[in-house]
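# Per-entry structural report
What follows is the residue order along each chain.
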Amino acid sequence: MRNDYDVIVVGAGHAGCEAACAAARLGSHTLLITIDMNKIAQMSCNPAVGGIAKGQIVREIDALGGHMGIVTDRSSIQFRMLNRSKGPAMWSPRSQSDRQQFILEWRHVIENTPNLYMWQDSVDQFIIEGGVVKGVKTVLGMQFNAQAVVLTAGTFLNGLMHVGPVQTPGGRVSEPPARGITEQLAALGLTVGRMKTGTPPRLDERTIDFTQCIKQEGEQDFHHFSFMPGITSSLPQRPCWIVHTNEDVHAVLREGLPQSPLYNGQITSIGPRYCPSIETKIVTFADKTSHQLFIEPEGATTHEMYLNGFSSSLPWPIQIEALRHIPALRDVHAFRPGYAIEYDFFDPTQLYHTLESKVVKNLFLAGQVNGTTGYEEAAGQGLIAGINAHQRVTGGEPFTLARNEAYIGVLIDDLVTRGVDEPYRMFTSRAEHRILLRQDDADMRLTEKGYRLGLATQERYGLMLAKREQIEALTTFCREFTVKAAVINPTLEALGMNALTQGQRLHDLLLRPQLNMAILAQALPELQDQIDRLEEARRQEIVEAAEIAIKYRGYIERETSIAERVARLDNVTLKGKFDYTQIHQISTEARQKLQAIDPETVGQASRIPGVSPSDINILLVLLGR
């Protein structure tokens, strides 16, 4: 047993697991402290990974050498690619996972990562000397010393759960809260707030009438999360089910609103706007006569089902009465009620882009303690925090990602630049360069960065280079090969398209929305031959990537040009150059925001709410630009 480590990670949720593995794999002796070693990476709410924009984050984590994508693929019981009807910038992978298998897969990763150790306990105090964190103390009386600490306590900081009037201290059902940390950091100058999230009741599958539900099967194609080949699930695949609320359900809920902690003053903190409770839905969308709900399996063999869309903190009798007005749930038995939880978070504008605190040196914060919501957002932060904790210990260069490089870069820049006034959730609309941040090319964007850092393996890097080479070979063939009109016209006419009067390059044919590689390969043996030469295990993935590169080349080149111009402002250093309170040429709001956040660059300053383009122009003039 040792007491001295390079890095200590407090909390073994999605952020903590990625942080601990990253620091350890980079070479830091790392200790991961968690209240319960049997619930590491617990999916506290929905047993699923990915979704709109979140799926892109998971693929970025995987591309850099993180583990969430691999763990998800190995525990998957249903996979779907969302937003297929839209352009590829919007495509988002999502996987339903077996909750217990997800934990077991993560436990296997952690226990087999060199330099990584675990300790089951609760941290209640940091050791801080001269504004620098030196280690932690625990409720069991242990003291562990470290050169850097990563705090990833999730919803456990003074967590308080609500089911109607019943209030139970805890960070998750049946688990105690973490006390002492908030009070200590607040006394040192960290700004603290309270947020709220919630979860729905869990139902017994055997008491659901599935004949009254709409079945939603998964997809059985080549898509998955990890870019590493051969990472698959051996679990049986399961469908999800769709049901809808109705006016009778809403009537019960409305009658119960006076007993809702959200509406009687019992809960005062802010909840997630984009994942509202069922009682919030019937108030905010009073004109809606029904809301869609998803019944999702918690695992491959369990009868426990998750009722996605019915998060609630109402008293349990009201929840069950409302549910029984849904035809499929008229005889339903529930395993436990839905509940709301309030917890502490820290103002993320007090962080650097490395996620190190500006107030306490060598202390990094990641996940819901920064005001975010979602496993994926937490894991992305955890990865960056773990990397930078190691870099801080070893004297390496800080590792950050720009907004035009990754959704993780957008996420962190939004947090440290703009702050949060509600639980932050990632959307594709938050990324101004989303055509550059597609899920299909995360490895092309980030694997080399992970490899140079030492996190992505040689195998992963070699696979990325081979894939890039094959994509370029296929796109080059398409640019150079001319299709004869007589050969392709029968296919075009069969699809109701105008026939060619002369030969045309294959590349130009692919620009037509109605055509794709699969259709053209059936008519053109030469193209099929090129496809057959590709690496078999990743053939479909490579073809899809090449097709996207061809079809959207114009959009990609234009967006790249715009991103490069915007990035110039991120190369103009601003930190430490001005006392903003003395610059009276800019607005009062801009002075206050700039003084509080102290942005690193002009680019970051330009993204602060309340700082106008004219304010930025004045700063550039003062800088002599």
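Going by the structure above, here's the rest.
Residues numbered from 1 in each chain as written. Predicted model: local features only at pLDDT ≥ 70, side-chain atom pairs only at ≥ 80, totals over all residues. Heavy atoms only, no water.

## Re the side chain of Asp 209
To be explicit about the condition: What counts as a helix is a DSSP run of H or I of at least four residues, what counts as a strand is a run of E of at least two, and both are numbered from the N terminus. Between N or O atoms, a polar contact is any pair within 3.5 Å; within protein, one atom must be a potential hydrogen donor and the other a potential acceptor, and residues adjacent in sequence are included only when both atoms are from side chains. Contacts: residue pairs with any heavy atoms within 4.5 Å of one another.
Along the chain, Asp 209 turns up in the loop between β13 (202–204) and β14 (214–216). A distance of 2.4 Å separates polar atoms of two side chains, one belonging to Asp 209 and the other to Thr 211. Each residue touching Asp 209, except ones within four places of it in the same chain, is listed here: Ala 328 and Arg 330.

## Regarding helix α16 (residues 525–532)
Put simply, the test is: Each residue is placed in one exposure class: buried if its accessible area under a 1.4 Å probe, protein chains only, is under 20% of its type's maximum, exposed if it is over 50%, and partly exposed if it falls in between. Think of it as the arc spanned by the lines of direction from the helix axis to the C-beta atoms.
For α16, the set of buried residues is Leu 527, Gln 530 and Ile 531. Looking down the long axis of α16, one finds its buried residues gathered within 100° of arc, a one-sided arrangement.

## Thoughts on the sheet that holds β14
Pairing between the strands of a sheet is mediated by backbone hydrogen bonds and can be parallel or antiparallel. Spelled out, the test is: Two strands pair under a simple rule: DSSP has to find at least two bridges between them. Throughout, an axis means a line fitted to C-alpha atoms (over the contacting stretch in the case of helices), and angles, computed between N-to-C directions, take values from 0 to 180 degrees.
Strands sit in the order β14-β15-β16-β17-β13-β18 across an open sheet of six strands; the sheet is antiparallel. Two strands lie at the open edges of the sheet, namely β14 and β18 (334–336), each paired on one side alone. Within this sheet the neighbouring strands show an average axis-to-axis angle of 35°, counted without direction. The sheet contact formed by β13 and strand β17 (residues 304–308) spans three bridges and is antiparallel. Within β17, the position partnered with Arg 202 by the bridge is Tyr 306.

## Considering the pattern of salt bridges
Threshold: Note on definitions: salt bridges are taken to be side-chain nitrogens of Lys or Arg within 4 Å of carboxyl oxygens of Asp or Glu.
By the definition in use, this model includes 40 salt bridges. Among the ionic pairs, Arg 194 bridges to Asp 344, the shortest N-O distance being 2.9 Å. In this pair, Arg 194 sits in strand β12 (residues 192–199) while Asp 344 sits in strand β19 (residues 339–346), placing the two residues 150 residues apart along the sequence. A relative accessible area of 30% means that Arg 194 is categorised as partly exposed. Linking Arg 438 and Asp 441 is a salt bridge whose minimum nitrogen-to-oxygen distance equals 3.6 Å. Each member of the pair, Arg 438 as well as Asp 441, carries the same accessibility label: buried. Taken together, the salt bridges that share partners define one network made up of Arg 403, Asp 413, Asp 414, Arg 418, Glu 432, Asp 570 and Arg 607.

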